[in-house]
Amino acid sequence: MFRFVLAVHICHFLSLTIATQNARIDFWVYEEQPINSLVGTIEPLAPNSSIEKIEVGGVRLVQYKVFNLDLSSKELRNAIVIDREAIEFSFYELLILSEDGNTLTVVVNIMDLNDNAPQVGIETRLQFTISEDESPGFLIGLPPASDPDSGTNGLSRESFSLTGDVETFGLVVAATSQGKYSVSLKLEEDIDREMRDSYELVLHVRDGDTGAETSDFTSVQLDISLVVSDVNDNAPIFDNSDYYVELKMPVDAGEVLVEVNALDVDSGDNGRVTYLMESTSEEIVNSFFVHSETGLVELIQAKTANTNFSNTITIAAKDSGNPSQKSQCRVHVLFYSYNAHSPLIAVDGSIANFTDFVAVPDDTDVGHVVCSVSCSDDDVTAGGGVSLFVIDADKSEDYPFSADKVSSNLFDVVLDMSVDARIHSRYSMKFICFDNGNPIKSTVKEVTFWVTTEDGNVAQFSKEVYDASVPEVDVGSFVVQLDATVLGNDAKILYRIESGNENSWFLLNEETGLITTREQLDRELLSEVTLNVSSLNVHGNAEMNNGSYALVKIHLFDVNDNPPYFTNLPNTVSVPEDQDAGLILFTAHAIDPDEGFNGSIRFALRTEDQLAQSTFSIDSESGHVKLVGNLDRESRGSFNLTVSAIDLGEQLQLGSESFLFIVVEDVNDNAPRMYPSSYFAVVASKAQSGSEVVRVFAVDDDETGDSQIIYTIVAGNELSVFELDANTGILLLKSNEDLVNGGSFEIIVEARDEGGGGLVSSNVATVKVFVSDSNGSQNKHFEFSQPRYVFYLYENTLYHHIADVRLKNHPDVPENVEYSILEGDSENRFAIDNKTGQFGLANQVRLNYESPNAYFNLTVGAQMSDVLVTVSVEVFVMDKNDHAPKWPGSTVEVRVSELLETDGLVAKLQAVDLDSKSTVFYEISDDPHHLFYVLHDELRTLDVLTDYVGQSLTLSLSAYDNGIPSYSSTDSGLNSKLSFSVELVRTVPDSHSSSNSIPFGVFPNGDLYLADSVLDENLRRDIYEFQVVARDHGYPEKRSSLKLIVCVEDLNDNAPVFQKGRIEFDVSPFALKGTVIGQVSAVDKDKGRNCQVFYVPVLSTQTNLFQVESQSGEISVSFDLANFCVRNQEFVVTAVDLGSPSLNSSVIVAIRVNRTSNDHEAKFSEKVYFVEMNENNAENQQVLYLALQNGQFASESGLEAVFRIADSGVNSNFTEDFFQLHESTGVITTKSAINRESDFQIIRFQVIVETVDNGITIFADYADVVIRILDENDNQPQWTEETINSSVLLFLNP
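Sequence order as written defines the numbering, with residues in each chain counted from 1. Reporting of local features is limited, given that this is a predicted model, to residues whose pLDDT is at least 70; pairs of side-chain atoms are given and counted only at 80 or more, and all residues count toward the totals for whole chains, interfaces and linings. Working from all heavy atoms in the structure, the side-chain values ignore hydrogens and water.

A. Looking closely at the packing of aromatic side chains. Geometry of aromatic contacts follows a simple scheme: Phe, Tyr and Trp rings, the Trp one being its six-membered ring, pair when their centres are within 6.5 Å, and the pair is stacked under 30 degrees between planes, edge-to-face over 60, tilted otherwise. Within this structure, the stated rule accounts for 28 aromatic pairs. On the numbers, 5.3 Å between centres and 85 degrees between planes, the contact of phenylalanine 67 with tyrosine 92 is edge-to-face. Placement of the pair is phenylalanine 67 in strand 5 (residues 67–70) and tyrosine 92 in strand 7 (residues 91–98), with a sequence separation of 25 residues. A ring pair is formed by phenylalanine 1164 and tyrosine 1169, whose centres lie 5.9 Å apart and whose planes are at 75 degrees; its orientation type is edge-to-face. With respect to class, phenylalanine 1164 is no different from tyrosine 1169; both count as buried. For the purposes of this entry, the term helix denotes a DSSP run of H or I that reaches at least four residues, the term strand denotes a run of E that reaches at least two, and both are numbered from the N terminus. When accessible area is computed with a 1.4 Å probe and restricted to protein chains, residues below 20% of their type maximum are described as buried, those above 50% as exposed, and intermediate ones as partly exposed.

B. Quick look at the pairing of strand 67 (residues 855–864). When you tally the buried positions in strand 67, you get 7 out of 10 residues, the bulk of the element. Two strands pair under a simple rule: DSSP has to find at least two bridges between them. In this structure, strand 64 (residues 818–823) lies alongside strand 67, joined through 5 bridges in antiparallel fashion. Paired with serine 820 across the strands is glycine 861, a residue of strand 67. Of the strand pairs in this sheet, strand 67 and strand 68 (residues 867–878) are connected by 10 bridges, and their pairing is antiparallel. Bridge pairing in strand 68 places glycine 861 opposite threonine 870. Turn length for the strand 67-strand 68 hairpin, with the two strands adjacent in sequence and antiparallel, is 2 residues, and the turn residue serine 865 shows positive phi of about 40 degrees.

C. Focus on the sheet that holds strand 63 (residues 803–804). Taken in spatial order, the 3 strands make up an open sheet running 63-66-65, and their pairing is antiparallel. Where the open sheet ends on each side, the last strands, each with one partner, are strand 63 and strand 65 (830–832). Bridge count for strand 65 against strand 66 (residues 838–841) is 3 bridges, and the pairing is antiparallel. Pairing of alanine 831 across the sheet is with glycine 840, part of strand 66.

D. Spotlight on the pattern of salt bridges. A carboxyl oxygen of Asp or Glu within 4 Å of a side-chain nitrogen of Lys or Arg is what we treat as a salt bridge. This model, assessed by the stated rule, comprises 26 salt bridges. Of the charged contacts, one joins arginine 196 and aspartate 165 as a salt bridge, the two residues approaching to 3.0 Å between their closest N and O atoms. Here arginine 196, found in the loop between strand 14 (180–187) and strand 15 (198–206), pairs with aspartate 165, found in the loop between strand 12 (160–164) and strand 13 (169–177); they are 31 residues apart in sequence, far enough to count as distant. Notably, a salt bridge pairs arginine 940 with glutamate 938, separated by 2.8 Å at the nearest N-O pair. One continuous salt-bridge network, built from bridges that share partners, spans Arg1062, Glu1064, Asp1066, Glu1130 and Arg1152.

E. Quick look at unusual backbone geometry. With an omega of 0 degrees, the peptide bond running from asparagine 322 to proline 323 counts as cis. Turning to its location among the elements, proline 323 is positioned in the loop between strand 24 (309–319) and strand 25 (326–336). The omega torsion across tyrosine 675 and proline 676 is -5 degrees, close enough to zero to call that bond cis. Along the chain, proline 676 turns up in the loop between strand 53 (673–674) and strand 54 (678–684). Despite not being glycine, asparagine 36 shows a phi value in the positive range, around 75 degrees. Position of asparagine 36 relative to the elements: it lies in the loop between strand 1 (24–30) and strand 2 (38–41). If you check the backbone angles, asparagine 796 has positive phi at about 55 degrees while not being a glycine.

Structure below.
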C-alpha cells in the first residue's frame, strides 16, 4: 500500500504542473489495488471554480463502474479491482467540465504487476519425430510463448533457455507481437539413428528481469522428446554370398533346396526384407521359385535327366525403403544321376591329400614292396570301373623305384636299388586314375618317398610354394594349412614364419601349421603378401638341424569395405538469379579405394524439397551439378542440397553423403513500389521555408533495393514551391511566397533504384498539400462513427461489403469527403469506396488463416479540403475447418514385445490438422478380434499379445477432425458422413494357421481394438496387414485409408506343457525290443527355437528296460521283456525347450504290465469354444454345449466322461454367480442375468473333461471357453451436469 500511495502522490505532483499548462492531469496506479483506494485529488482549472460535471463517454463519473469521485473532497477512487490484462487499453481517460466552461482531461495510467506466469502451449511434454537425414539448421517449431504482463514483468529473448542435449539442438527465439514469441529448436549437428535414436530436452521460460538476482519472476518448463526416424541408408546383407546344394536325380517338384537369409539393420519398411530371383534365363525361371518372405528356394520342375548338370541362381534381397536397396547371393545347384564323383587314389589303403608320403628306411632290402597304390570310385553302378596308370615316370638310371601293375586298379611300388638319405632323401612317383563314366573323370596323385636314417629325419614341407587367395576377411579367418612330414617315431614338428609378416596380419600355429588372420586385412594397403615359413623337427627337447623352408604367397582380393568419400564437399556455390538453365554449377569429386565395381561411383541428389528437385540435377557418372530450372532470389534465396556417392558393389553397396550449399545472388530485377500511394498534408500559410511537409516511401524487393532508392517529383511542382530530398523522400517547403493565397497542391512522386538499369517504380505517389491560415489546425468536430473499427472475418470467404467506415454525421461535414486506405495494405487485399466509405475485401480476394497474415491493422483516412481524419481498422482472420488431417506417411511399422501388458502403449498416432483448435480423432472398423484400441492419439492394447508371437498385424487408420463440417484425412468435408471397413492386404500365417480373418475393429470414437481377448491357436498370423478404409456418403464416393503393421515378437516365456501330470501306458510282458508302447508330448506356445522340445527321461536301473526318443517323445522297449521279471514301473520325463534361458516341465510315466489298453478317452472337439450372448439373459438359458470328438462319449466297461471347471486358467474370470457346468452332459447354462455395463464384457475360463474308470481318472483333456456379452440398448443418455452455462460470441458472417 505504501508503494501505491507514494506513486500516486508523486505522479500527482508532477501532473499538476503539466495540468496548468495543458489542461491535463495524469495519475499512475498499480493494477490489482483494493476497492476504494485513492487514485488522486482533482483540482479545478481556475481558482475558486467548482466542478460542474465529470463524464466518461457522456456518463456521469459518479455512476461509472470503474471510478468514484467525491465531489466535495475531489478525491478520485477506484470502484473495482482493476486487472491491467483484462482491459482494452492500459489507461482510462476522463473528461471534467468546470462551471467556467473549461475542460480538464484526467488520464489514469494502470501500471503492471507480475501477476501472470508465462505460457508455452497447453501441454507439459511434447514429442517430435526428426529424420536422421535432416541437415544442421533444420528447425522444429514449438508452441508460441506468451505472457500477458508487460515490460520487465513480461518476456524477452533472455527469458528462454534450453537444457539437455544442447550440443545437438539449439534454441531460436523471435518476437512476433507484444508479449508473444515464436520458439523453435535448431539442429546443430548431423544425427544418425543407428548411433542414437532419441534426445531429451527441457525448455525453460521465466519472466521478470532475468539479469537481476532478486527480481520477482515466475517460470514454466516444457519437456521435449525427439525421436529420430529412420532413412533407408543400409542394404540387406546375406549370411553367405554363395550357397551350395547337391541333389541326386530324379527329384520331384516341391523339393526345398535351401533357405537364404539376409538382414537389414534399418527399421520399419527400410529394414523389411523380401527376396526375389534375379536370374532371367528361361531354364532358371521355369525350374526354381524363391518365396519372397521366407527366402526358401523351391524346385518347381521335376529333374530326371540322365546327365549331370548344374544351375546357378542369383537371388536378391531387397528392402522396402524408398528408394529401396538390395544385395545379391548365388545358389549353386548340382544335379547328378551317375558318375557324380571322381575316382579316389589310396596309398596302402589310405586316401589322403593330393600328395602322400611314404617313409623308406635307408636299410630297406632291394626288391621290398614299399607301398601299394590303388584306386576306386563311389559311383558303383555307372562309374565303378576304374583304371590306374603311372605318369611322368622318372626313367633315369639312378631312380630306385618301379611300379608293378597287379591289376587294372592296383600297383605295387618296389625298391629296385639301395638308397642313401645322405645322397638323396626325396623321390616321387605320379599316378592317374580314370573311371568309365560319361563324361570320364580322373584323379591325379603324387606319392613322395622319404629316405630316412637312424640319425634323425627332416621335417619336409609337402610343397615348396603354397598359394592362397583370401578376401579382406576379419580376424581369425582361415588362410592356408601347412603340412610337413617327419618319418620317425619321436618326431615333433614346429612351424615358424621367418619373414614377410611385417604388418603382423597373419598368425601361424606352431604345432598344427594352420595360418589364420591376426589383424584385419586391407587390400588397399597391400594386395599380395609372401611369407617365408619353416618347419623344424624337434626330438625331445632339442632342436635338430633338419628343417626345411617354403613360400606362402597370399593374394588379397577386394571386398567392398570402403565407402566413397568426397574430396571437395561440403562446399558453397553462388549463382545469379537470372542465370539461364543448363549451366554446370559444380562438379562433385569422390574417391573409393576399392577396385572394380566396388570402387565405381555413382552420384545422386537426395532431397525431399520439390523446388530443389525441379531446379537442380546431377549427372550420376560425372558428378556435374547442373541448373535445370529458373531461380528467383525473392522467392528462395538459398538451397541446401545433399549429394550422395554410392559404389556399385555386387554384394553390398556403400555410400556417403555431403552437402552443397547454393546461394542465389541478387540481380536488379524488381522495380520499386510506392506505398502508401496517397499522402495528405496541411501546411500553414506562414510556414517557414525548409519546413518538412511529409515523407513518402517506396519499397524494393531486391536485396539492397530499399537503401538505394532515389525519389523524384515528376508533376505538380511547376511553381517550385516544394523540394524533395532524393535520398530520404522528405518533401520540404522551399518557398512560402505562393502560400499567401491559400489553395492546394497535388505533387506526383516516383522512385527509381540505383541497381543495374535503374528501374523506375511501377506506380507513383500522390501528395495532396492544403494551405491553411490556422497553422494547420484541423476541425475537431470531424470524427469517424467509431473510435476504432474491429472486424472478425472467416477465412476463404468473399466479403464485398463488410461495413461502412465513414465520418459521424455532423452539420459541418462537407459532401466532398474522400475515403482511402492510407496504410497497412501493401498487397491491396482491401477496398473502400472513396465516396461512401463502404469497406470490404478487394475483388475475388479471400483471406487465409493459415498464411502468415491472419491479422491486419489498417489506417483509413477521410479527406475534406484541408482536413484529414484517420481511424484504425483492425481485421482478425477467423479459422474455418477447411483442412483435413494429414498423416506423416502412408505406413507406420511398430515392433512390440509379447510381454506388453493390457492397455500397453503400442504407438503414438500423429496426424496433423492445420486448422486451429482442431482435435484429431482416429478410427478403424470391421475388426473381429479386438486386440487394440485408440485412446486420444495413442494406440494401446486391449489384451496381452502372447497368442500372436512372431506375427505382424497390419491396421489401417483414418484421421478426422471435429470441425463443422468434419474433414477426414482425404475428404473435402462437404460430405462428412463416414463409414469404415477393414480390408485384408497381406497375411503371412503361422505354420498351424488356417484362418484369414481380421482380428481388429474400430469403435465409432476412433478406438482401435482387438476383437477377442482369447484367440484359437489356428487363428494366429505371422503378419497381419490391414487396410482400414473410410468412405464418405457423397457422390462420387471418396475414401481414405491407412495401413498399420503390428508385429508380436517372441520371448521364451512359455515352458513346454504336458496335458496332464501323469500318463499311463500298458505293455505286454512279452513285448520285444523296439516295441513302441506310447508317446509323451509337450506343447510350447513360443515360436522358433523357443518352442523346439527335447525329451529327457530320468531312468533308474529298474526302469532302464524302456527308452524315450529325445525328439519325438516315443517310449519303446529297450530289451525283450520275456527275459525279465517285469513289474509296473514309473519314471519321470522332462520336456526341455531350446530357448534362452531354457524352460522345462515334467510328467510322470507309469508303465502297467498285463493291463488291457484303454481305447476310449474323452477329448474335446475344439481347443477353444467361442460363443456370444446378449446381456440381460434369462435364467437356465443354454449357452454352450461342449462337444467331444466323434460325437457323444459312450460309456462302456465302467468308463465315463465327467466335465468340470478348471481350478485356474489364463485370465480366468469365471464366476458361479452367472454360469454353471453340468458335469455329466457338458452343457453350460446361465444362473442369473448379466449386465454388460457393470459386470463383464468378456468371460474367459478353462474346462476339463476326464475319462473315469471305476472312479479313477485315467485321462484328462482341456479346452478354453470364451463368452462375449453383447450390448443391448438398455441405458438412456444422461447429462453430466444439470445446468450448463455457455457464452456466445457473435461474429460478422458473410
